[in-house]
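Fold and contact review
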Amino acid sequence: MKKIVLVVMVLVLAGAIYFAFKGNDDTDVAQFEAPITQPTGSYLTGMRDLQGKVVPMEEDKLVFLNVWATWCGPCNMEMPGIQSLYDKYKDNDKVAFYIVSDEDAATVNPFVERKGYQLPFYQYVGPYPSALDGNAIPRTYIIHKGEIVAQEVGASQWDRPEVHQLIEEKIAEI
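Residues numbered from 1 in each chain as written. Predicted model: local features only at pLDDT ≥ 70, side-chain atom pairs only at ≥ 80, totals over all residues. Heavy atoms only, no water.

A look at the packing of aromatic side chains
- Within the structure shown, the criterion is met by eight aromatic pairs.
- Their ring planes at 35 degrees and their centres at 5.1 Å tell us that phenylalanine 64 and phenylalanine 97 sit as a pair that is tilted. Of this pair, phenylalanine 64 sits in strand S3 (residues 62–67) while phenylalanine 97 sits in strand S4 (residues 95–101); the two residues are 33 residues apart in sequence, bridging distant segments of the chain. For the residue pair phenylalanine 64 and phenylalanine 97, the accessibility class agrees, reading buried in each case.
- Note on phenylalanine 64 and tryptophan 158: the rings are 5.4 Å apart at their centroids and 85 degrees apart in plane angle, and the pair reads as edge-to-face. With phenylalanine 64 in strand S3 and tryptophan 158 in the loop between strand S7 (147–153) and helix H5 (161–172), the pair connects residues that are 94 residues apart, well separated along the chain. For the residue pair phenylalanine 64 and tryptophan 158, the accessibility class agrees, reading buried in each case.
- Members of the aromatic cluster, connected to one another through ring pairs, are Phe64, Tyr86, Phe97 and Trp158. (Phe/Tyr/Trp six-rings, centres within 6.5 Å; stacked < 30°, edge-to-face > 60°. Helix = DSSP H or I, 4+ residues; strand = E, 2+ residues; numbered from the N terminus. Buried < 20%, exposed > 50% of the residue type's maximum accessible area, 1.4 Å probe, protein only.)

Written as structure tokens, this is what we have:
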């Protein structure tokens with residue numbers, strides 16, 4: 001029995017080595033593709049609204065950027081506070097809100113409708129700029145003139161007085 005196990009392990013190892021070093025027959029394409037590079041800065045490019053239209057981030061405004069997902073419990077917990085903050089500043093032409101998910105519109109739209117949120121939801125697929133990159137959600141950033149002035153990883157209460165004070169201070173500088 002030990003000999004059979006040993007033979008099987010040697011065959012598996014030989015197969016793994018073979019496939020690891022086996023060349024790709026499409027070498028003319030695969031070896032010359034440009035590598036995917038991570039964008040830099042603190043703004044997203046190539047973001048889309050839920051109708052599929054490309055939407056650039058407004059870099060001349062104070063930006064509130066939240067990265068979330070419909071399936072994320074902490075994301076759902078903080079969404080009412082974000083709605084409250086948005087309701088206060090939605091008519092201020094110096095502030096822009098971006099509530100961003102990598103989920104498609106077919107997933108996000110029913111969620112938004114069911115919850116009754118009136119927030120600017122967007123889709124972003126691709127590598128995040130290094131300043132905004134992370135593997136946890138929710139992630140939230142307040143960006144002013146390209147600088148991240150506040151960030152939070154995990155759920156937070158976004159309609160608290162300190163957040164309003166920070167936003168008011170930064171609006172005064174625009």
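Quick look at the sheet that holds strand S2 (residues 54–55)
- Read across the open sheet, the seven strands follow the order S2-S1-S5-S4-S3-S6-S7; overall the sheet is mixed. Strands at the two margins of the open sheet, each flanked by one partner only, are S2 and S7.
- Against the sheet, helix H3 (residues 73–89) contacts S3, S4, strand S5 (121–123) and strand S6 (139–144), and its axis sits at roughly 155 degrees relative to S4. (Pairing = 2+ DSSP bridges. Contact = heavy atoms within 4.5 Å. Axes fitted to C-alpha atoms, helices over the stretch in contact; angles between N-to-C directions.)

Topic: the layout of surface pockets
- Its volume calculated, the largest pocket comes out at about 160 Å³.
- Around the largest pocket, the lining residues are Val67, Trp68, Ala69, Trp71, Ser101, Asp102, Tyr128, Asp133, Gly134, Ile137 and Arg139.
- Here the residues of the lining of the largest pocket sort into six nonpolar, two polar and three charged. (1 Å grid on protein atoms, 1.4 Å probe; cavity = no way out; pocket = protein on both sides within 12 Å on 5 of 7 lines; lining within 4 Å. Points joined across faces, edges and corners; volume = space filled by probe spheres on them. Nonpolar A, V, L, I, M, F, W, Y, C, P; charged D, E, K, R; others polar.)

A short note on unusual backbone geometry
- Backbone torsion omega between isoleucine 137 and proline 138 reads 0 degrees, so that peptide bond is classified as cis.
- Here proline 138 shows up in the loop between S5 and S6.
- A positive phi angle, near 55 degrees, is found at lysine 145, a position not held by glycine.
- A relative accessible area of 60% means that lysine 145 is categorised as exposed.

Focus: the confidence of the model for the protein chain
- Chain-level pLDDT for the protein chain is 84 on average; 78% of the residues reach the 70-or-more range.
- Confidence drops under a pLDDT of 50 for residues 23–39, and excluding neighbours within four residues, the segment shows 14 contacts in the predicted structure. (pLDDT = per-residue confidence, 0-100.)

Some remarks on helix H4 (residues 105–115)
- Of all the residues in H4, the buried ones are Val108, Phe111 and Val112. All buried residues of H4 fall inside an arc of 100 degrees around its axis, so they share one side. Counted as exposed and oriented over 90 degrees from the buried face of H4: Ala106, Glu113 and Arg114.
- Considering only its buried residues, H4 is in contact with H3, S4 and S5.
- The first or second residue beyond H4 is glycine 116, which carries a positive phi of 80 degrees. (Arc of directions from axis to C-beta.)

Regarding the side chain of lysine 170
- With respect to the element layout, lysine 170 can be found in helix H5.
- Of the residues examined, lysine 170 reaches a relative accessible area of 16% and is grouped as buried.
- Sequence-distant contacts of lysine 170, defined by excluding residues within four places in its chain, comprise Leu62, His144 and Val149.

Description of the pairing of S4
- With seven of seven residues buried, S4 is to be regarded as a mostly interior element.
- Side chains of S4 alternate between two faces, with Val95, Phe97, Ile99 and Ser101 and Ala96, Tyr98 and Val100 buried alike.
- With three bridges connecting them, S4 and S5 associate as parallel partners. Looking across to S5, one finds that serine 101 is bridged to glutamine 123.
- Taken together, S4, H4 and S5 constitute a β-α-β crossover, and its handedness is right-handed. (Right-handed = clockwise from strand over helix to strand, strands pointing away.)

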